[in-house]
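Fold and geometry: a report
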Amino acid sequence: MVQKEKIPVYSIGNMLKEPLQQTELQAEYFSAYLEKHYEHLHRPHRHSFYHMVLFTSGQGTHTIDFDHFEVKPFQVYCMIPGQVHSWHFTSAVTGYVVNFPDHFFRDFLFNPYYLERFPFFSGISGESVFQLPALLHQKVPDLFEALISSSLDAEVPPDLNRVLLLQILLLMGNAIAGHPAKAVPEQKKMILHNLRRLIDVHYKSIRLPKEYADLLYITPNHLNALCKDLLGQSAGELIRNRVLLEAKRLLINVNKTVAEIAYELNFQDNSYFNRFFKKYEGVTPDEFRKQFLK
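The structure presented is a predicted model; accordingly, all values stated were derived computationally and were not measured. (Residues numbered from 1 in each chain as written. Predicted model: local features only at pLDDT ≥ 70, side-chain atom pairs only at ≥ 80, totals over all residues. Heavy atoms only, no water.)

1. Examining the environment of A134
- You can see A134 is positioned in the loop between β10 (129–131) and α5 (139–151).
- Residue classification places A134 among the exposed positions, given a relative accessible area of 63%.
- Through-space distance from the C-alpha of A134 to that of M79 is 22 Å; in sequence the pair is 55 residues apart. (Helix = DSSP H or I, 4+ residues; strand = E, 2+ residues; numbered from the N terminus. Buried < 20%, exposed > 50% of the residue type's maximum accessible area, 1.4 Å probe, protein only.)

2. Regarding the sheet that holds strand β4 (residues 50–57)
- What the 5 strands build is an open sheet, ordered β2-β9-β4-β7-β10; its pairing is antiparallel. Since the sheet does not close on itself, it has two edges, and those belong to β2 (26–29) and β10, each with one partner. Averaged over all pairs of adjacent strands, the angle between strand axes in this sheet comes to 15°, irrespective of strand direction.
- Examined bridge by bridge, β4 and strand β9 (residues 94–100) share 7 bridges and lie antiparallel to one another. (Pairing = 2+ DSSP bridges. Axes fitted to C-alpha atoms, helices over the stretch in contact; angles between N-to-C directions.)

3. Overview of the packing of aromatic side chains
- Following the criterion strictly, the structure yields 28 aromatic pairs and no others.
- For the pair F118 and F120, a centre-to-centre distance of 5.4 Å together with 15° between the ring planes defines the contact as stacked. The pair F118 / F120 is uniform in exposure class, with both members buried.
- Pairwise contacts between aromatic rings join Y50, F100, F104, F105, Y114, F118, F120, F121 and F130 into one cluster.
- Between R162 and the ring centre of F104, over which it is positioned, the NZ or CZ distance is 5.0 Å.
- Positioned above the aromatic ring of F267 is the side chain of R207, whose terminal nitrogen or guanidinium carbon lies 4.9 Å from the ring centre. (Phe/Tyr/Trp six-rings, centres within 6.5 Å; stacked < 30°, edge-to-face > 60°. Lys NZ or Arg CZ within 6 Å of the ring centre and 35° of its normal.)

Dropping the structure here:
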């Protein structure tokens, strides 16, 4: 029996299997995309690019970083590079899909962090899925149609594709921001944004909230109060959840032993990693892996 390989990572080049246009943008109808790639993409996988889907009809589920979502008409889901996801549909599904690399807007907007302004590109699965407001049910699909047509026309300047996609992102971002749960001062949002970015970079080596507070030039109490206020969890929980997420991502790679994963995540030893994982997930790493593979 051939051993199952580690979780695949797909690039846009893998998806297209043909030379890319200068923009490296892939935009098409979701039904056609699904027909071409379902054999591979209904299994857990990662992307090296940004991925956005608007469903217009169909039923099923999709999973992002082990959180499950029911497919609904006019539901949007967005993913950043590195997240793990899979699909399972129980009926025909229609909609639109757009894939683009992380540098797609970089030179165009002269801002390497521009996409981070959109909550649906936070990399947090609960913020990545949302219902498109009714007032956009016609406008956003029309823009997707225009983007598909534009991306297929070799005579169209690449920047037009960027403008069309940017319109879609801004319309959706504005619609979401128009109904906030509560007004949050920009300074607080920036601190939280920087904390999440630091955790993503250092979660393997830095585990204490105090160390992140030092990097942000604020007190640990201030950091904890901010996290509790905006997220309902402590800074320590935020760090721990990021470690647990990466542990789950690594555990579905069957060619890595639990001991190797413990070492990669900078745990002192395998037994400590087992105790940590079971305390917060309710099962051991091995049990989690077996449940997932079923």
